[in-house]
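What follows is each chain in one-letter form.
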Amino acid sequence: MEPNPVIIAATARQTASLIFLHGLGDTGHGWASTIASIRGPHVKVICPTASTIPVTLNAGFRMPSWFDLRSLDATASEDEEGILRATNLIHGLINEEIKAGIPANRILLGGFSQGGALALHAALSYPTSLAGVMSLSCWLPRHTHFPESVKAPSNLPVFQAHGDCDPVVPFKWGQMTASFLKTFMKNIEFVTYQGLTHSSSDAELKDMKTFIEKTLPVVK
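The residue numbers shown here count from 1 along each chain, following its written sequence. Restriction of local features to residues with pLDDT of at least 70 applies here, the model being predicted, together with a cutoff of 80 or more for giving and counting side-chain atom pairs; totals for whole chains, interfaces and linings are based on all residues. With hydrogens and water stripped out, all remaining heavy atoms of the structure feed into the side-chain values.

### As for the pairing of strand E2 (residues 16-21)
Note on strand geometry: in a regular strand, side chains alternate between the two faces of the sheet.
Step number 1: Here E2 lies mainly inside the structure; six of its six residues are buried.
Step number 2: Where burial is concerned, the two faces of E2 agree: the one with Ala16, Leu18 and Phe20 and the one with Ser17, Ile19 and Leu21 are both buried.
Step number 3: Only strands that DSSP links by at least two bridges are regarded as paired with each other. To qualify as a helix, a DSSP run of H or I must reach at least 4 residues; to qualify as a strand, a run of E must reach at least 2; elements of each kind are numbered from the N terminus. As defined by bridge partners, E2 adjoins strand E3 (residues 43-47) across four bridges and the pair is classed as parallel. Residue pairing across strands places Ser17 opposite Lys44, the latter belonging to E3. For the exposure calls, accessible area comes from a 1.4 Å probe over protein chains only, and a residue counts as buried if that area is under 20% of its type's maximum, exposed if over 50%, partly exposed in between.

### Focus on the environment of Leu181
Step number 1: Structurally, the position occupied by Leu181 is in helix H4 (residues 171-181).
Step number 2: Leu181 gets classed as buried once you look at its relative accessible area, which sits at 0%.
Step number 3: Along the sequence, Leu181 and Val158 sit 23 residues apart, while their C-alpha atoms lie 9.3 Å from each other.
Step number 4: Excluding anything up to four places from it in sequence, Leu181 contacts Leu120, Leu124, Leu140, Val158, Gln160 and Ile188. Only heavy atoms matter for contacts: two residues are in contact if any of them lie within 4.5 Å across the pair.

### Structural notes on a nonpolar patch on the surface
Step number 1: On the surface, a cluster of nonpolar side chains totalling about 190 Å² of accessible area is made up of Leu57, Leu72 and Val168.
Step number 2: Relative to the helices and strands, Leu72 is located in the loop between strand E5 (61-64) and helix H2 (80-99).
Step number 3: Relative accessible area serves as the criterion here: at 32%, Leu72 is assigned to the partly exposed category. Residues form patches when they are more than 30% accessible in relative terms and have no salt bridge. Like charges link within 9 Å. Nonpolar side chains (Val, Leu, Ile, Met, Phe, Trp, Tyr) link within 5 Å. Per-residue accessibility takes into account occlusion by the displayed protein chains alone, with areas from the Shrake-Rupley method and a 1.4 Å probe. Basic side-chain nitrogens of Lys or Arg form a salt bridge, by our definition, when they fall within 4 Å of a carboxyl oxygen of Asp or Glu.

### Side note on the pattern of salt bridges
Step number 1: Taken as a whole, this structure holds four salt bridges when the rule is applied.
Step number 2: Put simply, Glu97 and Lys44 hold a salt bridge, and the shortest N to O gap is 3.1 Å. Highlighted residues: Glu97 in helix H2 and Lys44 in strand E3, separated in sequence by 53 residues. Pair check on accessibility: Glu97 and Lys44 agree, each one buried.
Step number 3: A salt bridge links Glu80 to Arg142; the nearest nitrogen and oxygen atoms lie 3.0 Å apart. Note that Glu80 is positioned in helix H2 and Arg142 in the loop between strand E7 (132-136) and strand E8 (158-163), a separation of 62 residues in sequence.

### A short note on the sheet that holds strand E6 (residues 107-112)
Step number 1: Across the sheet, seven strands lie side by side as E1-E3-E2-E6-E7-E8-E9; this open sheet has mixed pairing. The open sheet has two edge strands, strand E1 (6-8) and strand E9 (188-193), and neither has a second partner. Between one strand and the next, the sheet's axes are offset by a mean angle of 15°, whatever the strand orientation.
Step number 2: Note that E1 and E3 share three bridges and pair antiparallel. What sits directly across from Ile7, in E3, is Ile46.
Step number 3: In this fold H4 packs onto E8 and E9, with an angle of close to 160° to the strand it touches most, E8. Angular values range over 0 to 180 degrees, each being the angle between N-to-C directions of two axes fitted as lines to C-alpha atoms, with helices fitted over their stretch in contact.

### Brief notes about the nonpolar core
Step number 1: Put simply, buried Ala, Val, Leu, Ile, Met, Phe, Trp, Tyr and Cys residues joined by side-chain atoms within 4.5 Å make one nonpolar core. Counting 42 residues, the largest nonpolar core has Ile90, Leu109, Leu130 and Leu156 as the members making the most contacts within it.
Step number 2: For this core, the secondary-structure elements that each account for two or more residues are E2, H2, E6, helix H3 (114-124) and H4.
Step number 3: When residues in this core are grouped by element, the largest group, seven residues, is from H3.
Step number 4: In contact with Leu109, other than residues within four places in its own chain, are Ile19, Ile90, Ile94, Ala119, Ala122, Ala123, Leu130, Gly132, Val133 and Met134.

Structure below.
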């Protein structure tokens, strides 16, 4: 059973939704107030929390994780089943917003680290065009299945951000992911933050705010 997501309601009439996914070992509370501070009043924020599972990378220690991470080596085997299960979970959250009357192109997906990786995978494999996806300090899971697994239109707006001093998810992974995505997607923006480690910064949040305003504009 998944924990309940943290929800911050729109402060004006809701015309858009932003689903943001936390990194390994965090919860929905970790990002909720930060995301709420950079969205417009018409945007509802949904920050789900991953189930607590044993994580191989951390010697089997149990923590909130969207899927198992076996190693931080680019060639390591991946938890395919877990990634697909988590992707279905995120697609379910998107579908709930659509049922509630928010069109798919007014739903923005985002995430940090493992959450950013899942957001990217979920957005690319969602059959209808979303407003866009913000993927911070991350990589594309199951990359060998792409571009075959893409169901999104090729003009889906993708904002990718990475610090060039990231000791956890190497900056090179972010660069390689962006280069790979550009071979089959048309709207990829990759922004580098100098001196940034595996975290966020005011400059990044400012760029995220701009991306949110661009992809989820106020509906008159």
